[in-house]
Amino acid sequence: MIEIKQCRLSEVTQMPQFETLVEEYADEAAIEGLPRPCYNKHIYKTLEQSGMMHPLCSFNENELSGFINILVNVIPHYGNKIATSESFFVRPKFRKGGTGLKLIEAAEQLAKQQGAIGCLISAPANSRLDVVLSRSSYTHSNNVYFKSLL
């Protein structure tokens with residue numbers, strides 16, 4: 001059974017699967033030319049305490065299986081709140097069965113509750129998430145390009 005719930009970072013970081021989740025996420029989310037992704041406790045805690053970041057976690061049979069961190073803030077050139085996925089990940093062994101889709105649905109509900117008029121979810125080019133989103137109700141709106149300055 002898949003359960004999605006809003007979690008406090010202090011809860012999530014104490015779960016036995018947290019380190020595995022972070023490592024698997026870092027392996028998949030790495031961008032060539034940037035440092036390896038890591039959990040910057042102070043930054044995430046500050047975002048959560050400000051009310052800007054809202055972590056949602058998925059559990060499959062009570063095991064931490066994924067997460068989506070939603071940032072909700074006013075985008076100046078639209079003058080409205082928009083929800084943006086800061087990070088989104090489902091552990092590979094839990095990707096079949098709708099875990100990711102349930103996280104997206106929960107993120108959309110949370111965004112509406114926070115007064116957002118839309119959601120932006122980024123996906124690595126040609127990834128499974130990219131394919132899933134391209135077949136969903138989401139519109140392909142932008143491409144993001146990266147250049148290392150290190």
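Read on for an overview of the structure.

Calculation rules
Residues numbered from 1 in each chain as written. Predicted model: local features only at pLDDT ≥ 70, side-chain atom pairs only at ≥ 80, totals over all residues. Heavy atoms only, no water. Pairing = 2+ DSSP bridges. Helix = DSSP H or I, 4+ residues; strand = E, 2+ residues; numbered from the N terminus. Contact = heavy atoms within 4.5 Å. Axes fitted to C-alpha atoms, helices over the stretch in contact; angles between N-to-C directions. Buried < 20%, exposed > 50% of the residue type's maximum accessible area, 1.4 Å probe, protein only. Polar contact = N/O pair within 3.5 Å; in protein donor to acceptor, adjacent residues only side chain to side chain.

## As for the pairing of strand 4 (residues 80-90)
Consecutive side chains of a regular strand alternate in pointing toward one face of the sheet and then the other. In this structure, strand 3 (residues 63-75) lies alongside strand 4, joined through 10 bridges in antiparallel fashion. From the neighbouring strand, phenylalanine 67 faces strand 4, where its bridge partner is phenylalanine 89. The turn linking strand 3 back onto strand 4 is made up of 4 residues, and glycine 79 within it adopts a positive phi angle of 70°. The pairing of strand 4 with strand 5 (residues 119-120) spans 2 bridges and is classified as parallel.

## Remarks on the sheet that holds strand 3
What the 5 strands build is an open sheet, ordered 1-2-3-4-5; its pairing is mixed. In this open sheet, the two edge strands, each paired with only one partner strand, are strand 1 (2-6) and strand 5. Packing of helix 4 (residues 99-113) onto the sheet brings it into contact with strand 1, strand 2 (53-60), strand 3, strand 4 and strand 5, and relative to strand 2 it is tilted by some 150°.

## Things to note about the environment of serine 136
Here serine 136 lies in the segment after helix 5 (128-134). Residue serine 136 is classed as partly exposed on the basis of its relative accessible area, which comes to 30%. A sequence separation of 35 residues divides serine 136 from leucine 101, and the C-alpha atoms of the two residues are 9.6 Å apart. Polar contacts involving the side chain of serine 136 include one to the main-chain carbonyl oxygen of leucine 133, which spans 2.8 Å.

## A short note on the side chain of threonine 99
Its place among the elements puts threonine 99 in helix 4. Within polar-contact distance, the side chain of threonine 99 engages the backbone oxygen of phenylalanine 94 at 3.3 Å. Sequence-distant contacts of threonine 99, that is, excluding residues within four places in its chain, are made with Ile2, Ile4, Ser58, Asn60, Ser65, Val90 and Phe94.

All we've got here are geometric facts, nothing functional implied.
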